[in-house]
Amino acid sequence: MTDLRMLPAALAVWVAAWALTGPGERWSGPAAGLVAVVLVAAGLGIVFVGGPGRDGLPVSRSRRAMTAWPAGHGRRTWLVLPDGHPQPGRDARTARPTRTARPAAATVLVAHIALAAACVLGVTASAHVQLTGRAPLAGLAEQRVTATLVGAVVSQPEPFAFAPGAGQHRWVLAARTVDARGVESAVRAHVQVLSDAVPRYGATVTVSGGLRPADPGAAETARLNADSTAEIRAPPSVLRVLDTHRTALLDVTDPLSPQARGLVPGAAIGDTTRLPDDLSEELRRTGLSHITAVSGGHFAVVVAVLTLLCSVARLPRPVRVLVIALASFAFVLLVRPEPAVLRAAVMAAFALTGVALGRPSQAVPALAASVVGLLVIDPWLARSFGFALSAAATAGLVLLAAPLAARLAPWTGEALAFALAVPLAAQAACGPVLVLLDPSVSTVSVLANLLAGPALVPATVLGLVATVLAPWLPAVAGLVAWAASGATWWIAAVAHRCAALPGATVPWLGGPAGALLLAALTGLALWAVLRRGPRRGWPESWRATARSGLHKVVRETLRGTPPDVLREPRSGGSRSARAPRPLTRARFLLLLAAASAAALVVALAVPRLAARSGMPEDWQVAACDVGQGDALALRTGPASAVVVDVGPDGPAADRCLDQLGITRVDLLVLSHFHADHVGGLRPVLVGREVVAALVSPVPEPAANAAATETALTAAGVPVRIAGTGDRGAVGSLTWRVVQAGAGTGANDSSVVLAARVGGLDVLLLGDLEDAGQAALVPLTGRFDVVKVAHHGSAVQSRALAERVRPAVALVSSGRDNEYGHPTDEALDLYAGVGAAVVRTDECGTVALVVRGEEVSLAGC
């Protein structure tokens, strides 16, 4: 039976940690009240279900703790045996009425509340101590000073796609000292660093640069754009050895196919640095991203293999536990202690402790205890999507997989039922969290996971074997990695085919509202399926229906002659009291109509509701919120547009175009080749028709220009180099290139596009700097809408602003970006010429709507 007694404490701690790590110190007071409310709610929940029975379940849900009341004693007294435990079905003469059960239940209630309160106090104290250690650095970041920090590298450096230059990496520094304005202070805080240098994980480094505030609620206290980085102490020897294995695995997989170069290291150690963008997007759309995110599944494979080897070697139990513990610790260091990895590692530690003591642990208490312990150590994990997804997936598997499999087994057989139940349970638990990241629901994730599942274990095991062998036997490791590539080929093929299916993803409401709606619908569906026992849930006649062939049943029922399996059972001329009601033609048609109506509502109403929650259908000009980058759309039809730039790497531009309902891009204009303007190209090309592309005449940076050309060519998009004076028309929209390649460097060579759409004159300035803007002044006149140059940087031409005098100035920039965009100078300049300044970092995706003579703004 499932033991849920730790669950209230885990939920209370999570809510408290989330509140305590919110933006600003204003949370410190309200957090206490919020936590108190959660604790009271948890206590009421325990009261509602009663105290724990002898089997660890609440009394009201425990079969062995069923209660009875002898006549004359009323509902205030319970029937208990002399040992003090309630027993069902016993003669009242062998029992004595007592009132001791109520105090016992109250005692348990007090114990549960005390446990939750103690855990909340622990996470509160931890958050207070850590906020105190972060305070000096947070103050310096708010002042945006230049500082020198010393600390350890605590995350694997990753390429930073937002960076306009090539070769920059992002990593996290656990700072211990900060030197600013000639004063050195001790701190205990994490800092997100952007640097050209690639430090080694675990090394102690000194790094200098400008500090910036971190995003509200972020685990990092500040961000730093590094001017210099130097290693002052090498990583510990164990980390150097493991780094050798990581590097050697990348070396032996380098000659393999592109999918294998990305997926073999990804499935083995979670390294996705070489995963192709299009494959990454397909994995996301099909719910297979977990394959490259090391979590509980990887630990299960590692522990299972090690347990098998220890059994073959006939090692005694203490030695087995020690071997598995050491190997698990090394595995954590190999794949890096990310939030999901830590959760899986702590649960594995609980399981090993249970094995060592001869008392195997239960999954739900271990999960709850893991959540409590990790949140006390690091309260900011409460805001980590990786940690939330890992915990939700684990909870779904341990709570839902077995019941779902039991109810599917009569239809599919036990093996297939379990294979279906695992992705169904994970999807049900993770769906509401995923909607917060991407407002869409994958309709193919269960199918994709069912098909790809058999290849996951060989891909992981062979990849890890190759990792172990690579430094010492690279030739053998290469053969093992090649064998693993066969498994990853199947995974990639499943992702590609499933992502290409019509309706692979369904638009959904974004934000908390969408998550709550999906959680409610999922809960209703689970209640409908699980409310009956596994054998009673499907009447025998229904199971016979599945065995006899549904098509035959439908055909004969519609004819008015239900087959034997659906006819009313007879027993002595009367219906058995427990027999199911017969499925007559009228009932069948009613059920069919109800199911069709429900499917129609889900297929039509929800996507329309999701679209309504975004942009109005008659938008004309839209600026997408893609973070620190540009992506704009000019409407040419109900589902088509001219798109100018596609933002940084990632699905943000693709999601925005989905939100706008754009399935066809009549013209794709790439103003220049910096990553924050072309990085999101591949997701935009997937599943969307792009008629033609117009690109900058200056191929800088060269690597980005080559990658862009390759992607467009692979997608079959005709590419033309933009030239000053180029013009065209798409529907009622007309466009012309006012300037292209006028300056030196990528920014000043931006394609400047003028367009007229929906009665609005629009000017898009790309990332023009001084020379480019100065050259543009004599070529322009008044415009209704201007996209401000270079995300609102300080480099703005007053002469150009006064020349164009827009009614609306659009500024596309990321929240709290490293560059300080938009600057006060740029905002004041355009406000001073009479423009209404609209910023994507404040408003998100915005659109201009023209209705008659009135122009309105949607989304802000």
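Reading guide: rules and limits
Residues numbered from 1 in each chain as written. Predicted model: local features only at pLDDT ≥ 70, side-chain atom pairs only at ≥ 80, totals over all residues. Heavy atoms only, no water. Helix = DSSP H or I, 4+ residues; strand = E, 2+ residues; numbered from the N terminus. Contact = heavy atoms within 4.5 Å. Areas by Shrake-Rupley, 256 points an atom, 1.4 Å probe, with all protein chains shown as cover. Phe/Tyr/Trp six-rings, centres within 6.5 Å; stacked < 30°, edge-to-face > 60°. Buried < 20%, exposed > 50% of the residue type's maximum accessible area, 1.4 Å probe, protein only. Lys, Arg positive; Asp, Glu negative; His and termini not counted. Salt bridge = Lys/Arg side-chain N within 4 Å of Asp/Glu carboxyl O. Polar contact = N/O pair within 3.5 Å; in protein donor to acceptor, adjacent residues only side chain to side chain. Disulfide = S-S within 2.5 Å. Patch = residues over 30% accessible without salt bridge, like charges linked within 9 Å, V, L, I, M, F, W, Y side chains within 5 Å. Pairing = 2+ DSSP bridges. Axes fitted to C-alpha atoms, helices over the stretch in contact; angles between N-to-C directions. Left-handed = near helix turned anticlockwise from the far one by under 90°. Nonpolar A, V, L, I, M, F, W, Y, C, P; charged D, E, K, R; others polar. Parallel < 35°, antiparallel > 145°, perpendicular 65-115°, else oblique. Expected span 1.5 Å × (residues − 1). Arc of directions from axis to C-beta.

K.L.:
Pulling in residues and values, what's your account of the overall build of the chain?
P.N.:
Helix and strand counts for the chain stand at 27 helices and 26 strands. Sequence-distant contacts in the chain: of pairs separated by 6 or more residues, those separated by 24 or more amount to 65%. Within the structure as shown, the chain displays about 39,900 Å² of accessible surface, and the carbon and sulfur contribution to it stands at 62%.

K.L.:
Before we move on, can you summarise the packing of aromatic side chains with the specific residues and values?
P.N.:
Scanning the entire structure with this criterion turns up three aromatic pairs. A centroid spacing of 5.3 Å and a plane angle of 85° characterise the contact between Phe299 and Phe331, whose relative ring orientation is edge-to-face. With Phe299 in helix α7 (residues 296–312) and Phe331 in helix α8 (residues 317–335), this residue pair connects regions lying 32 residues apart in the sequence. With respect to class, Phe299 is no different from Phe331; both count as buried. The interplanar angle of 45° and the centroid separation of 6.4 Å between the aromatic rings of Trp489 and Trp490 together place this pair among those described as tilted.

K.L.:
Give a description of the side chain of Asp645 that names residues and reports values.
P.N.:
Inspection of the secondary structure puts Asp645 in the loop between β13 (640–644) and α19 (652–659). Despite its burial, Asp645 pairs with no opposite charge, the nearest such side chain being Lys787 at 6.2 Å. One polar contact links Asp645 to His677, side chain to side chain, over a distance of 2.8 Å.

K.L.:
Which residues make up the environment of Val719, and what values go with them?
P.N.:
As for its position among the elements, Val719 is in strand β17 (residues 719–721). Taking relative accessible area as the criterion, Val719 reaches 41% and is therefore assigned partly exposed. Sequence separation of Val719 and Val691 is 28 residues, and the distance between their C-alpha atoms is 9.5 Å.

K.L.:
How would you explain the state of the cysteines if you had to name every residue and give the values?
P.N.:
Applying the stated criterion to the full structure yields one disulfide. Covalently, Cys624 is tied to Cys656 through a disulfide, its sulfur atoms 2.0 Å apart. The disulfide joining Cys624 to Cys656 has a torsion of about -75° about its S-S bond and is therefore left-handed. Taken together, the residues span a long stretch of sequence, with Cys624 in the loop between β11 (619–623) and β12 (632–637) and Cys656 in helix α19 at a distance of 32 residues. For the pair Cys624 and Cys656, one class covers both residues: buried.

K.L.:
Just give me the short version of a nonpolar patch on the surface, but keep the residues and values in it.
P.N.:
A cluster of nonpolar side chains, namely Leu4, Leu7, Leu11, Leu397, Val398 and Leu399, defines an oily patch on the protein surface of about 450 Å² accessible area. Breaking the nonpolar patch down by element, the ones donating at least two residues are α1 (7–20) and α11 (385–412). At three residues, α11 tops the list of elements feeding residues into the nonpolar patch.

K.L.:
Could you give me a rundown of the sheet that holds strand β18 (residues 727–730), with the residues and numbers involved?
P.N.:
Taken together, the seven strands give an open sheet; going across it, the order is β18-β19-β20-β21-β22-β23-β24, and neighbouring strands pair in mixed fashion. Among the strands making up the open sheet, the edge pair consists of β18 and β24 (836–839). With strand direction ignored, the average angle separating the axes of adjacent strands in the sheet is 20°. Where strand β21 (residues 760–764) and strand β22 (residues 785–787) come together, three bridges link them in parallel fashion. Of the residues in β22, the one forming a bridge with Leu763 is Val786. Sheet strands touched by helix α26 (residues 824–832): β22, β23 (808–811) and β24. Its angle to β24, the strand with the most contacts, is close to 145°.

K.L.:
Describe the packing of helix α4 (residues 237–253) against α8, listing the residues and the values that go with them.
P.N.:
Axis angle and axis distance: for two packed helices, these are the angle between their axes and the distance between the axes, and together they describe the pair. Here α4 crosses α8 at 65°, and the two axes come no closer than 9 Å. For the element pair α4 and α8, the recorded crossing hand is right-handed. Contact residues: Val238, Leu239, Leu242, His245 and Arg246 in α4; Ala330, Leu333, Leu334 and Val335 in α8. For the contact of α4 with α8, a count of residues per class yields seven nonpolar, one polar and one charged.

K.L.:
Hey, could you go over the packing of helix α6 (residues 277–285) against helix α14 (residues 474–499) for me, with residue numbers and the actual values?
P.N.:
Where α6 meets α14, the axes come as close as 8 Å, and the angle between the chain directions of the two elements is 70°. If you check the angle between α6 and α14, you find them roughly perpendicular. Where α6 crosses over α14, the two elements pack in a sense that is left-handed. On α14, the residues that touch Leu279, Glu282, Leu283 and Arg285 of α6 are Ile491, Ala492, Ala495, His496 and Ala499. The class makeup of the residues in the contact of α6 with α14 is six nonpolar, one polar and two charged.

K.L.:
Any chance you could break down the pairing of strand β20 (residues 752–757) for me, citing the residues and the numbers?
P.N.:
Burial analysis of β20 places five of its six residues in the buried class, the great majority of the element. Bridge count between strand β19 (residues 733–739) and β20: five bridges; the pairing is antiparallel. Counterpart to Gln739 in the pairing with β20 is Val752. By the bridge criterion, five bridges tie β20 to β21 in an arrangement that is antiparallel. Residue pairing in the sheet places Leu753 in a bridge with Leu764 of β21.

K.L.:
Any details on α6? Residues and values, ideally.
P.N.:
Taken residue by residue, α6 has Leu279, Glu281, Glu282, Leu283 and Arg285 as its buried positions. The inward-facing, buried residues of α6 contact α5 (258–269), β9 (440–442), α14, β10 (505–507), α19 and α21 (681–685). The first or second residue beyond α6 is Gly287, which carries a positive phi of 70°.

K.L.:
Residues and numbers for the pattern of salt bridges, please.
P.N.:
The full count for this structure, using the stated rule, is 15 salt bridges. Notably, a salt bridge pairs Glu231 with Arg200, separated by 2.6 Å at the nearest N-O pair. A residue pair is termed long-range when its members are at least 10 positions apart, and Glu231 in strand β8 (residues 222–233) and Arg200 in the loop between β6 (183–195) and β7 (204–213) qualify at 31 residues. Residue Arg200 is classed as partly exposed on the basis of its relative accessible area of 36%. A salt bridge links Glu842 to Arg839; the nearest nitrogen and oxygen atoms lie 3.1 Å apart. Residues joined by salt bridges that share partners form a network here, namely Asp254, Arg261 and Arg274.

K.L.:
Which residues make up unusual backbone geometry, and what are the values?
P.N.:
Cis peptide bonds are those with omega within 30 degrees of zero, and the linkage from Glu700 to Pro701 qualifies with -10°. Along the chain, Pro701 turns up in the loop between β16 (693–695) and α22 (702–714). Despite not being glycine, His790 has its phi angle at roughly 50°, a positive value. For His790, a relative accessible area of 17% corresponds to the buried category. Positive phi, close to 60°, is recorded for His791, a residue that is not glycine. Here His791 shows up in the loop between β22 and α25 (798–804). Given a relative accessible area of 1%, His791 falls into the buried group.

K.L.:
Describe in detail the environment of Pro216, supporting the description with residues and values.
P.N.:
Here Pro216 lies in the loop between β7 and β8. Residues Pro216 and Thr21 lie 195 residues apart in sequence; the distance between their C-alpha atoms is 8.8 Å.

K.L.:
Break down the side chain of Ser793 for me, citing the residues and quoting the values.
P.N.:
Checked against the element boundaries, Ser793 lands in the loop between β22 and α25. Judged by relative accessible area, Ser793 falls into the buried class, the value being 5%. Setting aside residues up to four positions removed in sequence, Ser793 forms contacts with His821, Thr823 and Ala826.

K.L.:
Describe α7, naming the residues involved and giving the relevant values.
P.N.:
Along its 17 residues, α7 runs 24 Å from first to last C-alpha, staying within 8% of the 24 Å computed at 1.5 Å per residue. Along α7, the positions that sit buried rather than exposed are His298, Phe299, Val301, Val302, Leu306 and Cys310. The arc enclosing the buried residues of α7, seen along the axis, measures out at 160°, which places them on a common side. Residues of α7 that are exposed and point over 90 degrees away from its buried face: Leu308 and Val312. Each element contacted by the buried residues of α7 is listed here: α5, α8, α9 (339–357) and α13 (445–469). Once α7 ends, the next one or two residues include Arg314, with phi positive near 55°.

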